[in-house]
Amino acid sequence: MIKLFEPDVGIEEIKSAQNVLQSKLWASGTGTGKVLEFENKFRKYINSKNCITVNSGTAALNLALGICDIKNKEVILPSLTFVATANAVIMNGGKPVFVDVDPDTLNIDPEKIENSISKKTKVILPVHFGGLSCDLNKIHSLAKKYNLKIIEDAAHAAGSSYKNKKIGSHSMAVCFSFHPIKNLAMPTGGLISINNKNHKKIRELLSARRWCGITDRKETIYDVKEIGNNYYMNELSAAIGLIQLKKLDKLNSIRKKIVKRYYQEIKLDTKMQYSKNCSYHLYWVLVKNRNEFRKKLSKYKIETGTHYKPVHTFSFYKSKAQLKITENVGKSIVTIPCHPNLKEYDIDKIIRLVNKFS
Ligand SMILES: Cc1ncc(COP(=O)(O)O)c(C=O)c1O
């Protein structure tokens, strides 16, 4: 089977993981060791003011939204995303307000955001779908006009850029996921990049909230001023992440080469665009006969996905929102393999069969 997603694992990751296992220091809520090293190196890579690692992209979103006090307030986001994006709004007592996507990029449509802004709106939460950056200039100018905060969901966008700057340095908080299928893969991991002038204070606050509220620690003595979660990253993940970070640009450039071929050779008009600034966590096409198309590809041992069932169509979120493009995309989207382990003959086969069955 040609897998839809697959991490690139080399001898360096194996050695690094082995060293951590043998050290017997596998995790610490203090966030020292490899975790701190990863945090610093990733901060330099994206050139942000501050970073804090956590144990998933979900934890990153939950903590980042917690900075903004969104209780009984509204957060604007796309419905075409992984459900964790919206769940984080609910977890923090906020109300998700779903806005339709742009049919060319499948990112939240900045032209439609303004209509959804109300007196209760506090945050805009754009998602860089598949790693293709949202139009941050437009979103930032809306945020400025209405005095809103921006938290980016960059779960797909490790290594992507916007206006020649790596994603992670543009907004107050930017949330990454290092889930094993992501461009920078760990057993489990996430990170929040923090860019406002209070970044040191925010980092301190989040550092307590990611470890049960523990703060003011001196050796074994500490205080708890508010409650927190068990959200800290473990050493094994950080050690693997450090190797993955070294390879990230190279692996992303392999993804770009694959996608360039898809963009040029797949005959469908409805497909993800080619951009040299995109990380290509995933590559999507829209087809009319989705079930049949996927079944045929599966028969030829090509795994595909359906990212995503729109969040507003889940039982918990059922809303009357009119999101025509999102709903159409939700019914016709198919994600096809574009990871760096694909061989030239896999790519040839994928292109040939996508063209044959779509
Ligand atoms: C857009 C988006 N946001 C958030 C997440 C959550 O990340 P994690 O799985 O690391 O919790 C994901 C992961 O799949 C995602 O795709």
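Residues numbered from 1 in each chain as written. Predicted model: local features only at pLDDT ≥ 70, side-chain atom pairs only at ≥ 80, totals over all residues. Heavy atoms only, no water.

S.K.: Before we go on, may I ask you to explain a nonpolar patch on the surface in this structure?
M.R.: On the surface, a cluster of nonpolar side chains totalling about 310 Å² of accessible area is made up of Val9, Ile11 and Ile14. Along the chain, the position of Ile11 falls in helix α1 (residues 11–23). (Patch = residues over 30% accessible without salt bridge, like charges linked within 9 Å, V, L, I, M, F, W, Y side chains within 5 Å. Areas by Shrake-Rupley, 256 points an atom, 1.4 Å probe, with all protein chains shown as cover. Salt bridge = Lys/Arg side-chain N within 4 Å of Asp/Glu carboxyl O. Helix = DSSP H or I, 4+ residues; strand = E, 2+ residues; numbered from the N terminus.)

S.K.: Mind showing me how you'd approach the site of the ligand here?
M.R.: Neighbouring the ligand are 15 residues; Gly57, Thr58, Asp153, Ser177 and Lys182 lie closest to it. His156 is positioned with one of its side-chain polar atoms (N or O) 2.9 Å from an oxygen atom of the ligand. Between the ligand and Tyr308, the relevant distance is 3.0 Å, taken from an oxygen atom to a side-chain nitrogen or oxygen of the residue. At three residues, the largest contribution of residues to the shell around the ligand is made by helix α3 (residues 57–66). Partitioned by chemical class, the residues of the shell around the ligand number five nonpolar, eight polar and two charged. (Near = heavy atom within 4 Å. Polar contact = N/O pair within 3.5 Å; in protein donor to acceptor, adjacent residues only side chain to side chain. Nonpolar A, V, L, I, M, F, W, Y, C, P; charged D, E, K, R; others polar.)

S.K.: What am I meant to see in empty space enclosed by the protein here?
M.R.: Over the atoms, a rolling probe the size of a water molecule traces out where space has been left empty. A complete count under the given rule lists one cavity of 30 Å³ or more for this structure. By volume, the largest cavity amounts to about 50 Å³. Looking at the largest cavity, the residues that line it are Glu6, Pro7, Asp8, Pro180, Ile181, Lys182, Asn183, Ala185, Gln244, Leu251, Arg255 and Pro340. Here the lining of the largest cavity is composed, by residue class, of six nonpolar, two polar and four charged. (1 Å grid on protein atoms, 1.4 Å probe; cavity = no way out; pocket = protein on both sides within 12 Å on 5 of 7 lines; lining within 4 Å. Points joined across faces, edges and corners; volume = space filled by probe spheres on them.)

S.K.: When you look at unusual backbone geometry in this model, what are you seeing that I'm missing?
M.R.: Between His307 and Tyr308 the backbone carries a cis peptide bond, its omega angle lying at 10°. Within the fold, Tyr308 resides in the loop between α9 (290–299) and α10 (324–332). At Lys24, a residue that is not glycine, the phi angle is positive and equals roughly 65°. Its place among the elements puts Lys24 in the loop between α1 and α2 (33–46). Residue Lys24 is classed as exposed on the basis of its relative accessible area, which comes to 71%. Phi is positive for Asn147, close to 55°, though the residue is something other than glycine. (Buried < 20%, exposed > 50% of the residue type's maximum accessible area, 1.4 Å probe, protein only.)

S.K.: Quick question: what am I supposed to make of the state of the cysteines here?
M.R.: By definition, a disulfide links the sulfur atoms of two cysteine residues through a covalent bond. Within this structure, the stated rule accounts for zero disulfides. Unpaired in terms of disulfides, Cys68 finds its nearest cysteine sulfur in Cys175, a separation of 9.7 Å. We note that Cys134 lacks a disulfide partner, and the nearest cysteine sulfur, in Cys278, lies 11 Å from it. Classification of Cys134 as buried rests on a relative accessible area of 1%. (Disulfide = S-S within 2.5 Å.)

S.K.: I keep staring at the packing of α3 against helix α4 (residues 83–91) and nothing clicks. Help me out?
M.R.: Helix-helix packing is described using two parameters, namely the angle between the two axes and the distance between the axes. Orientation of α3 relative to α4, taken along the N-to-C sense of each, is 35°, at an axis distance of 9 Å. Read as a crossing pair, α3 and α4 show a hand that is right-handed. Of the residues in α4, those touching α3 at Thr58, Leu61, Asn62 and Leu65 are Ala84, Thr85, Ala88, Val89 and Met91. Residue classes in the contact of α3 with α4 are distributed as six nonpolar, three polar and no charged. (Axes fitted to C-alpha atoms, helices over the stretch in contact; angles between N-to-C directions. Left-handed = near helix turned anticlockwise from the far one by under 90°. Contact = heavy atoms within 4.5 Å.)

S.K.: I would appreciate a short explanation of the packing of aromatic side chains in the present structure.
M.R.: Two descriptors summarise a pair of aromatic rings, namely the distance from one centre to the other and the angle between the planes of the rings. Under the criterion given, the structure shown has 15 aromatic pairs. Arranged with centres 6.1 Å apart and planes meeting at 80°, the rings of Phe129 and Tyr308 form a pair that is edge-to-face. Here Tyr308 lies in the loop between α9 and α10 and Phe129 lies in the loop between β4 (121–124) and α6 (136–146), a separation of 179 residues in the sequence. Put simply, the rings of Phe38, Phe42, Tyr45, Phe176 and Phe178 touch in pairs and so form one group of aromatic residues. Positioned over the ring face of Tyr263 is Lys271, at 5.3 Å from the centre of the ring. (Phe/Tyr/Trp six-rings, centres within 6.5 Å; stacked < 30°, edge-to-face > 60°. Lys NZ or Arg CZ within 6 Å of the ring centre and 35° of its normal.)

S.K.: Got a minute to help me understand α2 in this structure?
M.R.: Along an α-helix, residues three or four positions apart point the same way, because every turn accommodates 3.6 residues. Compared with the 20 Å implied by 1.5 Å per residue over 14 residues, the 20 Å span of α2 between its first and last C-alpha is a close match. For α2, every residue scored as buried is listed here: Val35, Phe38, Glu39, Phe42, Tyr45 and Ile46. End-on view of α2: buried residues confined to an arc of 130°, all on one side of the axis. Contacts made by the buried residues of α2 are with β1 (50–54), β7 (165–166), β8 (173–177), β9 (190–194), α7 (199–209) and α8 (235–265). One or two positions beyond α2, positive phi appears at Asn47, with a value near 55°. (Expected span 1.5 Å × (residues − 1). Arc of directions from axis to C-beta.)

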